[in-house]
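Given next are the chains, with one letter for each unit.
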Amino acid sequence: MSKQPDLGAVNGSQPILQLRKVSKHFGAVSALTDIDLEVHAGEVVALVGDNGAGKSTLIKVLAGVHQPSSGSIEFAGREVTLDSPGKALELGIATVFQDLALCENLDVVANLFLGHELSPWQLDEVAMEVRAWTLLQELAARIPSVREPIASLSGGQRQTVAIARSLLLNPKIVMLDEPTAALGVAQTAEVLNLIERVRARGLGVIIISHNMEDVRAVADRIVVLRLGRNTGVFTPEASNQELVAAITGATENAVSRRIQRKAQSVQSEVHSS
Ligand SMILES: Nc1ncnc2c1ncn2[C@@H]1O[C@H](COP(=O)(O)OP(=O)(O)OP(=O)(O)O)[C@@H](O)[C@H]1O
Ligand SMILES: [Mg+2]
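Quick caveat, the model's predicted, so the values are computed rather than measured.

In the region of ligand 1, the neighbouring residues are Phe-26, Val-29, Ala-31, Gly-49, Asn-51, Gly-52, Ala-53, Gly-54, Lys-55, Ser-56 and Thr-57. Sorting the residues of the shell around ligand 1 by element identifies strand E2 (29-39) and helix H1 (55-62) as the ones contributing at least two each. Among the elements that take part in the shell around ligand 1, H1 stands out by supplying three residues, more than any other. Its residues assigned to classes, the shell around ligand 1 shows four nonpolar, six polar and one charged.

A word on the nonpolar core. The tendency in soluble globular proteins is for nonpolar side chains to be buried as a group. Ranked by internal contacts, the top residues of the largest apolar core, which has 69 residues, are Ala-46, Leu-47, Ile-207 and Ile-222. Leaving out residues up to four positions away in the same chain, Ile-222 has contacts with Ala-46, Val-48, Val-215, Phe-234, Pro-236, Ala-238 and Leu-243.

Of the residues in the protein, 88% reach a pLDDT of 70 or more, and the chain-wide mean stands at 86. Confidence drops under pLDDT 50 across residues 1-11; counting only partners more than four residues distant or on other chains, this segment forms 15 contacts.

What follows is about the sheet that holds strand E4 (residues 70-75). Read from one edge to the other, the open sheet built from four strands follows the order E2-E1-E4-E5, with strand pairing classed as antiparallel. The open sheet has two free edges, formed respectively by E2 and strand E5 (78-80), since each of these has just one partner strand. Going across the sheet, the axis of each strand differs from the next one's by a mean of 30°, ignoring polarity. Pairing of strand E1 (residues 17-26) with E4, which is carried by five bridges, proceeds in the antiparallel orientation. By the bridge assignment, Arg-20 is partnered in E4 with Ser-72.

Let us now look at helix H6 (residues 185-200). For H6, built from 16 residues, the straight-helix expectation of 22 Å at 1.5 Å per residue is met to within 8% by its first-to-last C-alpha distance of 23 Å. Regarding H6, the residues found buried are Thr-188, Glu-190, Val-191, Leu-192, Leu-194, Ile-195 and Val-198. Close packing links the buried residues of H6 with strand E3 (44-48), helix H5 (155-167), strand E7 (173-177), strand E8 (204-208) and helix H7 (212-218). Taken from the residues just after H6, Gly-202 is the one with a positive phi, measuring 90°.

Turning next to the packing of H5 against H6. Between H5 and H6, the shortest axis-to-axis distance is 8 Å and the interhelical angle comes to 15°. For the element pair H5 / H6, the angle class is roughly parallel. In this structure, H5 crosses over H6, and the sense of that crossing is right-handed. Contacts between H5 and H6 involve Gly-155, Gly-156, Gln-159, Thr-160 and Ile-163 from the first element and Gln-187, Glu-190, Val-191, Leu-194 and Val-198 from the second.

Conventions and cut-offs
Residues numbered from 1 in each chain as written. Chains lettered and ligands numbered in written order. Predicted model: local features only at pLDDT ≥ 70, side-chain atom pairs only at ≥ 80, totals over all residues. Near = placed C-beta within 6 Å. Helix = DSSP H or I, 4+ residues; strand = E, 2+ residues; numbered from the N terminus. Nonpolar A, V, L, I, M, F, W, Y, C, P; charged D, E, K, R; others polar. Core = buried A, V, L, I, M, F, W, Y, C linked by C-beta atoms within 7 Å. Buried ≥ 20, exposed ≤ 12 C-beta atoms within 10 Å, placed from the backbone. Contact = placed C-beta atoms within 7 Å. pLDDT = per-residue confidence, 0-100. Pairing = 2+ DSSP bridges. Axes fitted to C-alpha atoms, helices over the stretch in contact; angles between N-to-C directions. Expected span 1.5 Å × (residues − 1). Parallel < 35°, antiparallel > 145°, perpendicular 65-115°, else oblique. Left-handed = near helix turned anticlockwise from the far one by under 90°.

What follows is the structure, encoded as structure tokens:
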């Protein structure tokens, strides 16, 4: 925990979301133990950790899918119970799950408004199309046409539609589970740009990613989970070695040895020249 930033460092204000000692057990399995986490407005927090570290469980607790076994969650300074996905959404916590849950055969407009057609738009196709365009333009999203079916869009464009959809109800927090997994270089860059624009709108963003480059590119803070516990909070300037040590719990591993070897060979080059 060498780079534990000052908890109020991002801005002096109160966090939108604050978790205190949140634990989640599934029978005998402790998926999360005593997790403390805070997210401020206009901040991107990356959640990293190995498979089974508890990242998705944490997102699901915040999305109202799972109930915590103990601990407290405060939203905008008030303690809340997120006992259903509807409750989380209503409060302003939106989630883009890894599978995106888009309908392949429907167009972009229909997907954006899926489940929200009745109010306040009342299936008004024109109003929905205008709102869809406005939102996508605000996000500078590269979608060829809002009447294009999802099936004909690229992976990055689908992710864009899923993120845009999560913004429709004007949430305060958006959570993204592996938004750049399976995307190419250009599409990844596009999605990372989009995340920056979401942050610029003043939202708090929680992003899960296995890709340290992406995490460094976009995150203001990096929170590491290991076996359900928080093993470090870092700034994006943290070294790979520090992150890998927090993720694996070992200071000795292939990545740390490679970094050491590189450092040694650079040193010997300096000495021999
Ligand atoms: N519904 C469930 N019932 C029982 N155990 C579960 C359930 N969901 C998750 N777990 C367990 O909780 C732990 C954390 O799982 P989780 O899916 O949160 O990890 P993760 O960090 O998202 O991993 P990955 O990177 O593989 O997605 C694992 O040991 C997992 O087996
Ligand atoms: Mg997961």
